[in-house]
Amino acid sequence: MKTYRILGKNGDSIIQIGAGFDNLSGFPGGTKNFILTDHNIDRLYGRRFPQVAGVITIGTGEAVKTLETVRGIYEKLIALEADRSAFLLGIGGGIVCDIAGFAAATYLRGIRFALVPTTLLAQIDAAIGGKNGVNFHGFKNMVGTFRQPEFVLSDIAFLKTLPGREVRSGLAEMVKHAVIADPAMFSFLEKNWRAALALDPEVMEKLVHDAVVVKADVVNLDETETGERRKLNFGHTLGHAVEKTTGVPHGEAVSIGMIAASRLSVGLGLLPPADLERIEALLIKLELPVRLPSNLEKLLQALKKDKKREGEMIRFVLLKRIGETVIEEIPIEKLQSTIEGLPPSRESLKNRAESRT
Ligand code: ADP
Ligand code: ZN
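Residues numbered from 1 in each chain as written. Chains lettered and ligands numbered in written order. Predicted model: local features only at pLDDT ≥ 70, side-chain atom pairs only at ≥ 80, totals over all residues. Heavy atoms only, no water.

Asker: It is not clear to me how the site of ligand 1 should be interpreted in this structure. Could you clarify?
Answerer: Taken together, 16 residues form the shell around ligand 1, and within it Asp38, Gly94, Thr118, Thr119 and Thr161 come nearest. A distance of 2.8 Å separates an oxygen atom of ligand 1 from a polar atom in the side chain of aspartate 38. In the complex, 84% of the free accessible area of ligand 1, which totals 570 Å², lies under the protein chains. Of all the secondary-structure elements, those providing two or more residues to the shell around ligand 1 are helix 1 (39-45), helix 3 (94-106) and helix 4 (120-126). The element best represented in the shell around ligand 1 is helix 1, accounting for 3 residues. A class-by-class count of the residues in the shell around ligand 1 yields 7 nonpolar, 7 polar and 2 charged. (Near = heavy atom within 4 Å. Polar contact = N/O pair within 3.5 Å; in protein donor to acceptor, adjacent residues only side chain to side chain. Areas by Shrake-Rupley, 256 points an atom, 1.4 Å probe, with all protein chains shown as cover. Helix = DSSP H or I, 4+ residues; strand = E, 2+ residues; numbered from the N terminus. Nonpolar A, V, L, I, M, F, W, Y, C, P; charged D, E, K, R; others polar.)

Encoded structure:
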């Protein structure tokens, strides 16, 4: 087992990676422990949950990430007589982690809480960093708080029941962590992508740990997203627009977004083309999409609506090389012409060659 510590303004968070869920330590004794989970996790793992005063189960999918759901949780906590000494353990994917953190941070002005992330995405992203929240009026994570969970227990064994597409989605985010801050981790992924896809426990434990360290280091430097934390948005500016316009899973959209941002970096003379090639090759091996949508116009329209837009400029996380980012304000017009003016990617060349034969 590997552990890592995040030093938050509202307390520290201990991240345990590879720890077995059945040896849940750190859970306080006493009778005021509660679990928040979703129906899938309850069905798959409910029998192995520790003994608690109450298990609160919510539905699945982005649509449950609302204040209505949180209201239901408050009501259940009140009915279960949860007082200020209560401890809430969130067990599930990113949605459960986000909602558990928000409910715990706000109920009675804040009760103790911890997270057991059960998706790869949640283990390296949602559960790390102390951001929580729900969607509001169609806007993602509009309402939320910063609050560190007391501990995060990431058991790689959970990933065995995760659909392959969800695993790959998490691997996209993992590539992002390597690309923005850890060239050695990137090389490790290049060598061990097969083992990663097969969820080899040793390889995955190391990768989850390294990804957590990247995110946690950034969070330790900048807990509330003013500067350093922005680099975690690599691939997400265009990625969110792809997600919105095409409906592909988050990680797949981020994969496309990373290619777009890397190509933009090459187009602006920041990134050596060989680094772009390596990023693209790794994403392809991990069976992730790398082709930009053909309708760039529609994508850029969605981008203009993005809340990060400032005037006609869009703030982009770009690359100088694998492991080093730079933030630049790009005018929307330049964005389109730069991306369109770039030579086609390897993948689109390959597809063109295939369609000729
Ligand atoms: P994320 O945002 O981390 O991908 P979500 O909370 O959206 O996570 O969960 C995605 C879906 O996967 C949900 O339907 C959830 O119930 C399910 N899920 C979460 N963890 C597992 C797991 N270990 N095995 C099977 N299904 C899971
Ligand atoms: Zn993401």
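Asker: Help me understand the coordination of the zinc ion (ligand 2) in this model?
Answerer: Octahedral metal centres with six donors ideally show angles of 90 or 180 degrees, and tetrahedral centres with four donors ideally show 109.5 degrees. Of the protein atoms, only Glu173 (OE), Glu173 (OE), His236 (NE2) and His250 (NE2) coordinate the zinc ion (ligand 2), at distances of 2.1 to 2.6 Å. Around the zinc ion (ligand 2), the 4 donor atoms are arranged such that angles at the metal cover 50 to 138°; this shape is classified as irregular. Of note, the zinc ion (ligand 2) draws all its donor residues from one chain, in the sequence arrangement E-x62-H-x13-H. Residue histidine 236 is found in helix 8 (residues 236-246), and its partner histidine 250 is found in helix 9 (residues 250-267); the two are separated by 14 residues along the sequence. We classify histidine 236 as buried; its relative accessible area is 8%. A relative accessible area of 17% places histidine 250 in the buried class. (Donors = N, O, S within 2.8 Å, 3.2 Å for Na, K, Ca; no water. Tetrahedral: all angles 85-135°; square planar, octahedral: opposite > 155°, others 65-115°. Buried < 20%, exposed > 50% of the residue type's maximum accessible area, 1.4 Å probe, protein only.)

Asker: Could you clarify how one ought to interpret the side chain of glutamate 243 in this entry?
Answerer: For glutamate 243, the position within the fold is in helix 8. What makes glutamate 243 buried here is its relative accessible area of 18%. There is a polar contact of 3.0 Å between the side chain of glutamate 243 and the side chain of histidine 250. Those residues in contact with glutamate 243 that sit more than four places away from it in its chain are Lys140, Val248, His250 and Ala253. (Contact = heavy atoms within 4.5 Å.)

Asker: Help me out: how do you make sense of the pairing of strand 8 (residues 139-143) in this one?
Answerer: Successive side chains on a regular strand alternate, one facing one side of the sheet and the next facing the other. Where strand 7 (residues 134-136) meets strand 8, 2 bridges bridge the pair, whose relative direction is antiparallel. In the strand pairing of strand 8, phenylalanine 136 is matched with phenylalanine 139. Hairpin remark: strand 7 followed by strand 8, antiparallel, with 2 residues in the connecting loop; positive phi at histidine 137, about 50°. (Pairing = 2+ DSSP bridges.)

Asker: In this structure, what is going on with the nonpolar core? I would like to understand it.
Answerer: One recurring pattern in soluble globular proteins: nonpolar side chains tend to sit buried together. Counting 79 residues, the largest nonpolar core has Leu36, Leu120, Met174, Val175 and Met204 as its most contacted members. If you tally residues by element for this core, the top one is helix 7 (residues 201-221), at 11 residues. Apart from residues lying up to four places away in sequence, leucine 120 is in contact with Leu159, Leu162, Val167, Gly170, Leu171, Met174, Met204 and Val208. Residues Ile256, Leu296, Leu303 and Val326 belong to the second largest nonpolar core, which totals 20 residues. (Core = buried A, V, L, I, M, F, W, Y, C linked by side-chain atoms within 4.5 Å.)

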